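In case you want the letters, here they are:
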Amino acid sequence: MAQKHHAEVAIIGGGIMGSAIAYYVAKAGLDCMLIEKNDIASGTSSKCDGNITIVDKDPGYDSKMSLVSQELTVELKKDLAIPFEYRELGSILVCDNDAEMEAAMEWVGIQNEAGLKFNVLDREDIRQESPYFADDIPGGLECETDSLINPYLYCYSLVERAKEYGLKLFTHTEVTSLSKKEDFTIETSNGTFTAKKVINAAGVWAPFIGEMLNLDIPIVPRKGHIMVGARQKPVMMRNVMEFGYLMNKFQRERIADQETLKYGVALVLEPTESQNFLLGSSREFVGLNGSVDMNVVRTMARRALRFFPKMNDFNMIRTYTGFRPWTEDHLPIVSAVEEIPGFYIAAGHEGDGISLATVTGKLIEQIVCESETIIPIDPLRFDRFKKKVPTTSM
Ligand SMILES: Cc1cc2nc3c(=O)[nH]c(=O)nc-3n(C[C@H](O)[C@H](O)[C@H](O)COP(=O)(O)OP(=O)(O)OC[C@H]3O[C@@H](n4cnc5c(N)ncnc54)[C@H](O)[C@@H]3O)c2cc1C
């Protein structure tokens, strides 16, 4: 008979959320285990960019949460042994036209009023950023405090340290059913586990874990494509997005050609420490089909050439897709579930999971330990969706 494992806290999902939670919960001295159906970072957290950004957050709660996450990530650098390519260079947004430039200036004003370090960049500033930029870019903006990490390494770094604090790790262990009497019983492909508390950190698969307890978790996969550029002389030193990225993310009206709009394409270019670069990205609601769509890839390449026309002879070496866990109001669920005492959700971070993982890990530790939270958690409550029906239009 397979061995039965027990822990005070079981975390389901070894993506960036589960890894950050495992780190903080183990560090707080709780007996915990992490259960992952494949390997660490085998889901969305290895199929994404690595931006820890405020530049693309709504001013207010959203940007504050990201700022706190950035601060915690800097602190973690001191405690984590495996380096995770942390680079604090700031990031920029570039504008396609004068109308976007006007909106960008307004955006900087709003972010400055919220106390965030944003600056307007003019045409000449943009030229200084990269010799590859098109000459007709009217300008853009920068956020000084943004940073970059390698999310894949970050997950491993967190989990390795958590193991030293006592975490028990079970990879290649798929949760197949979940029930609760006094304790939770977790049936897996690798035997039966029991726990007093369960944290659902399964990203876009969190609704399937919810269903096991008859719980409807309104998270929808929002697919994204990324291309990887061959190693070469750096295109630029820090992350760049186009202003239209904000329009796509928040589903606001945007002026662009039909295919760009259809596939939700907006330029994101991330230089990596290995001197490759990641070029993205797209946003589509097409279920959990992860195949690469060459129409989307072509549209992304065309969009990149609008801003970097001198890139037209660059070699791209591969393309991959990932699923952003989308919620209707663009905020994650980081919450206890009132109707099932001992059950928690940490999922639904859409395109912000890398930015918000560290603060999410800390919050879950504080919620589970019933201590004061580092930021207010009301906007992240699960029951905010109770009266709403999620929509899945672009
Ligand atoms: C193209 C793209 C670009 C992005 N760029 C950025 C960016 O620059 N900055 C940013 O902040 N965010 C970005 N994101 C978003 C970010 O990647 C996600 O929000 C984040 O990775 C979600 O992490 P997670 O841990 O919730 O989910 P995941 O990483 O998917 O982890 C969930 C884990 O649960 C496991 N699991 C599922 N079901 C079970 C089960 N039954 N039993 C056991 N385990 C299970 C899965 O195998 C998986 O490993 C991007 C996303 C995409 C797609």
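This one's a predicted model, so the numbers in the text were calculated from it and none came from an experiment.

## Let's talk about the overall build of the chain
- Along the chain, the regular secondary structure elements total ten helices and 18 strands.
- In terms of overall size, the chain behaves like a compact globule, its C-alpha atoms giving a radius of gyration of 21 Å where 394 residues would be expected to give roughly 21 Å.
- Each of the 394 residues in the chain was classed as buried or not, and the buried ones make up 50%.
- When contacts within the chain are restricted to residue pairs at least 6 apart in sequence, long-range pairs at least 24 apart make up 74% of them.

## What to know about the domain arrangement of the chain
- Taken as a whole, the chain is organised into domain 1 (5-48 + 152-219 + 329-385) and domain 2 (91-144 + 220-325).
- Here domain 1 and domain 2 have C-alpha centroids that lie 31 Å from each other.
- Counting residues at the interface gives 13 residues for domain 1, matched by eleven residues for domain 2.
- Looking at the side of domain 1 that touches domain 2 residue by residue, the classes come out as five nonpolar, six polar and two charged.

## Some thoughts on the nonpolar core
- Counting 71 residues, the largest nonpolar core has Ala10, Ile11, Ile12, Ile21, Ala22, Ile199 and Ala346 as its most contacted members.
- With nine residues, the single largest contributor to this core is helix α1 (residues 16-27).
- Among residues more than four places away in sequence, those in contact with Ile12 are Ile35, Val175, Val198, Ile199, Asn200, Ala201, Ala202 and Ile209.
- If you look at the next biggest cluster of nonpolar residues, it comprises 41 residues, including Ala104, Met227, Val240 and Phe307.

## Examining the site of the ligand
- Residues in contact with the ligand amount to 42 residues; listed here are only the nearest, Gly15, Gly43, Gly203, Gly224 and Gly353.
- For the shell around the ligand, the secondary-structure elements that each account for two or more residues are α1, β12 (220-229), β16 (316-326) and α10 (353-368).
- When residues in the shell around the ligand are grouped by element, the largest group, four residues, is from β16.
- Among the residues forming the shell around the ligand, the class breakdown is 14 nonpolar, 20 polar and eight charged.
- A domain-level breakdown of the shell around the ligand finds at least three residues from each of domain 1 (5-48 + 152-219 + 329-385) and domain 2 (91-144 + 220-325).

## Some thoughts on the packing of helix α2 (residues 61-77) against α10
- Interaxial distance between α2 and α10 falls to 7 Å at its minimum, and their mutual angle equals 80°. In terms of orientation, α2 and α10 fall into the roughly perpendicular class. Taking contact as the criterion, the partners of Met65, Ser66, Val68, Ser69, Leu72, Thr73 and Leu76 in α2 are, on α10, Ser355, Leu356, Thr358, Val359 and Lys362.
- By residue class, the composition of the contact of α2 with α10 is six nonpolar, five polar and one charged.

## Regarding α1
- Under the 1.5 Å per step criterion, the end-to-end length of α1 is 16 Å for twelve residues, consistent within 8% with the ideal 16 Å.
- Among all positions of α1, only Ile16, Met17, Gly18, Ser19, Ala20, Ile21, Ala22, Tyr23, Tyr24, Val25 and Ala26 are buried.
- Against the buried residues of α1 lie β1 (5-12), β2 (32-35), α5 (151-164), β11 (191-200), β18 (343-347) and α10.
- Among the residues trailing α1, Gly29 stands out with phi positive, at a value near 95°.

## Considering the sheet that holds strand β15 (residues 277-280)
- The mixed open sheet is built from eight strands, whose spatial order is β5-β6-β4-β13-β14-β15-β12-β16. Because the sheet does not close on itself, it has two edges, and the strands there are β5 (118-122) and β16. When the angles between neighbouring strand axes are averaged without regard to direction, this sheet yields 20°.
- Across the face of the sheet, helix α3 (residues 98-113) comes into contact with β4 (91-94), β5 and β6 (139-143) while running at roughly 155° to β5.

## Brief notes about α3
- Counted at 1.5 Å a residue, the expected span for α3 with its 16 residues is 22 Å, and the 23 Å between its end C-alpha atoms agrees.
- Where the residues of α3 are buried, they touch β4, β5 and β6.
- One or two steps after α3, the chain reaches Gly115, where phi turns positive at roughly 85°.

## Quick look at the confidence of the model for the chain
- Per-residue confidence for the chain gives a mean pLDDT of 93; residues scoring 70 or more make up 97%.
- Low pLDDT, under 50, characterises residues 388-394; the predicted model gives this stretch ten contacts beyond four residues in sequence or across chains.

Conventions and cut-offs
Residues numbered from 1 in each chain as written. Predicted model: local features only at pLDDT ≥ 70, side-chain atom pairs only at ≥ 80, totals over all residues. Helix = DSSP H or I, 4+ residues; strand = E, 2+ residues; numbered from the N terminus. Rg over C-alpha atoms; globule rule 2.2 N^0.38 Å. Buried ≥ 20, exposed ≤ 12 C-beta atoms within 10 Å, placed from the backbone. Contact = placed C-beta atoms within 7 Å. Domains from an automatic or database assignment. Nonpolar A, V, L, I, M, F, W, Y, C, P; charged D, E, K, R; others polar. Core = buried A, V, L, I, M, F, W, Y, C linked by C-beta atoms within 7 Å. Near = placed C-beta within 6 Å. Axes fitted to C-alpha atoms, helices over the stretch in contact; angles between N-to-C directions. Parallel < 35°, antiparallel > 145°, perpendicular 65-115°, else oblique. Expected span 1.5 Å × (residues − 1). Pairing = 2+ DSSP bridges. pLDDT = per-residue confidence, 0-100.

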